Each structure stands twice: as structure tokens, then as C-alpha cells.
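A structural walkthrough
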Amino acid sequence: MEYILRIIPQMGLGAWESLKIFVVVITLSLPLGMLMALGRVSGFAFVKKIIATYVWVLRGSPLMLQMLFVYFALPSVGILFEDFTAAIIAFVLNYAAYFCEIFRSGFQAIPKGQYEAAHALGMNYAQTLRRIVLPQVLRIVLPPISNETITLVKDTSLVYILAMNDLMRTTRNLVQRDFSVVPFVVAALFYLGATLLLTIFFNRLEKHFSKSSM
């Protein structure tokens, strides 16, 4: 127990680094994914093809490979990023592709008749989205967004390959230094705690939306 109390502050710093990555990525990738989804369901064929290709490439290649490309390949053509920035760019581009498909499925689940009815009532496209479509879409996509968000918590451990002092790298350093597997257990508890909090949060959101739809 004394050893755990001694390593908690150092592991807490690593967890804080992982938390910063999570917050920035989810804040940027969710709206970007929604915007791309709107492009995919729009009437502009060229835009739809570009976004579809983007989603295919980003979802069809490993996130780790994308991180390595941003961090190691881009500098070869003069585009340099710091560790944190490179990680954020790779994560946001990757997760935006997944959120795009999630939101697209939500938009396509709304009957076209609702758009037509809103237009008949004099609403423009923006008003239709805000007042009628988005509330329903959010209720539909909440479960898959919850799953992706929890996956993101665990995927933040991939920044380990960029030599960032996140929770996983801090854990590995402690294990190598102290010849103990206890840091692994503590790290697992950090991740489990984070996923538990997110699960509770999304469960409450789903209950809220289910009540508001009654």
C-alpha cells in the first residue's frame, strides 16, 4: 500500500496528460464528424465522394500508423508538429471519420417527410436541423457515440509510441525502474475508473433523451 501511495502522484501526472488528449480530441472530433456527416447526406455528389474517400482511408488504416505518419513522415516534407499536436491531429482526423458514419446513420434514420413538413411550415434548412432533426439524431446516435468515446479513453494509450509522458509510458517506466507489476494494476484502475464515469454519464444522457421523447 505504501508503494502505491508513493507512485500515485507520478501516475496521476501521466493520467492528466491522457485526460488532456481525450478532452481535446472529443471536443474537436465530434463537431467535425457531424459536419462531415451533413456533407455525406447532402445533395452535392462531389462533396459526398471526397468525404466518403476520407472516411474509407481513415477507418481502413490503423490509428497507430496514422500517428506515425503525422509525427515521422510529415517532417520529411517540412511539416513539423510537437508530440502533443501530432497526437491530437491524428486522433481528431481518425475519430472524426468514425463519428461521421455514426451521425450519417442518424441523419438517414430521419424520415424525409419530416424535412418536407418543416419546409411546409416555413422553416429553412438550418431551422429544420436545429429544431427537428438534431434532437432526434442525438437520441439515435448516443449509444454508438458512447462506445466510441469509451474506446477513445483506451486509445489514448497509443501516444506511448510518440514518447509522451502519458499514463502508459509512466506506467512502463515505473515497472522497469521498480521491477514491479503493481503500476500495471494501478493503470488498469485508472482506465476502468474513467470508463465507469463515462458509462454512468452516457446512461444518464440516454435516460434524459428517452424521457424527453415521451
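Residues numbered from 1 in each chain as written. Predicted model: local features only at pLDDT ≥ 70, side-chain atom pairs only at ≥ 80, totals over all residues. Heavy atoms only, no water.

Using the criterion set out here, one finds five aromatic pairs in the structure. Lys20 extends its terminal NZ or CZ atom over the ring of Phe84, reaching a point 5.8 Å from the ring centre. Arg169 extends its terminal NZ or CZ atom over the ring of Tyr160, reaching a point 4.9 Å from the ring centre. (Phe/Tyr/Trp six-rings, centres within 6.5 Å; stacked < 30°, edge-to-face > 60°. Lys NZ or Arg CZ within 6 Å of the ring centre and 35° of its normal.)

Okay, the environment of Val92 next. Relative to the elements of secondary structure, Val92 occurs in helix α4 (residues 83-108). Taking relative accessible area as the criterion, Val92 reaches 9% and is therefore assigned buried. Look past the residues within four positions of Val92 in its chain and what remains in contact with it is Val25, Leu28, Ser29 and Leu32. (Helix = DSSP H or I, 4+ residues; strand = E, 2+ residues; numbered from the N terminus. Buried < 20%, exposed > 50% of the residue type's maximum accessible area, 1.4 Å probe, protein only. Contact = heavy atoms within 4.5 Å.)

Let us look at the pattern of salt bridges. Counting across every chain of the model gives four salt bridges. A salt bridge links Glu101 to Arg104; the shortest N-O distance between them is 2.8 Å. Of this pair, Glu101 and Arg104 are both found in helix α4, three residues apart, which corresponds to roughly one turn of the helix. Residue Glu101 is classed as buried on the basis of its relative accessible area, which comes to 12%. Through salt bridges with shared partners, a single ionic network connects Arg40, Glu101 and Arg104. (Salt bridge = Lys/Arg side-chain N within 4 Å of Asp/Glu carboxyl O.)

Counting 54 residues, the largest nonpolar core has Phe91, Phe103 and Phe107 as its most contacted members. Looking at this core, the elements with two or more residues in it are α1 (2-40), α2 (45-60), α3 (63-73), α4, α6 (125-155), α7 (167-178) and α8 (182-212). Residues in contact with Phe91, not counting those within four places in the same chain, are Val25, Leu63, Met67, Leu152, Asp155, Thr156, Leu158 and Val159. (Core = buried A, V, L, I, M, F, W, Y, C linked by side-chain atoms within 4.5 Å.)

On the surface, Phe44, Phe46, Val47 and Ile50 cluster together to form a nonpolar patch covering roughly 430 Å² of accessible area. Among the structural elements, Phe46 can be located in helix α2. Classification of Phe46 as exposed rests on a relative accessible area of 61%. (Patch = residues over 30% accessible without salt bridge, like charges linked within 9 Å, V, L, I, M, F, W, Y side chains within 5 Å. Areas by Shrake-Rupley, 256 points an atom, 1.4 Å probe, with all protein chains shown as cover.)

The calculated volume of the largest pocket comes to roughly 240 Å³. Per-element tally for the lining of the largest pocket: the top contributor is α8, with five residues. Taken together, the residues of the lining of the largest pocket sort by class into 10 nonpolar, two polar and no charged. Estimates place the volume of the second largest pocket at around 190 Å³. Along its surface, the second largest pocket is lined by Leu38, Val41, Ser42, Phe107, Gln108, Ile110, Lys112, Tyr115 and Tyr125. At the level of elements, α4 and α5 (112-120) are the ones that each hand at least two residues to the lining of the second largest pocket. (1 Å grid on protein atoms, 1.4 Å probe; cavity = no way out; pocket = protein on both sides within 12 Å on 5 of 7 lines; lining within 4 Å. Points joined across faces, edges and corners; volume = space filled by probe spheres on them. Nonpolar A, V, L, I, M, F, W, Y, C, P; charged D, E, K, R; others polar.)

Here the focus is the side chain of Ser42. Mapped onto the elements of the fold, Ser42 is located in the loop between α1 and α2. For Ser42, a relative accessible area of 17% translates into the label buried. There is a polar contact of 2.7 Å between the side chain of Ser42 and the backbone oxygen of Gly39. (Polar contact = N/O pair within 3.5 Å; in protein donor to acceptor, adjacent residues only side chain to side chain.)

When two helices pack together, their arrangement is captured by the angle between the axes and the distance separating the axes. Running from amino to carboxyl end, α1 crosses α2 at an angle of 130°, the nearest separation of the two axes being 8 Å. Classified by the angle between their axes, α1 and α2 sit oblique to one another. When you trace α1 past α2, the crossing you get is left-handed. Residue-level inspection shows Met36, Gly39 and Arg40 of α1 in contact with α2, the latter providing Val47, Lys48, Ile51, Ala52 and Tyr54. Of the residues in the contact of α1 with α2, the class split is five nonpolar, one polar and two charged. (Axes fitted to C-alpha atoms, helices over the stretch in contact; angles between N-to-C directions. Parallel < 35°, antiparallel > 145°, perpendicular 65-115°, else oblique. Left-handed = near helix turned anticlockwise from the far one by under 90°.)

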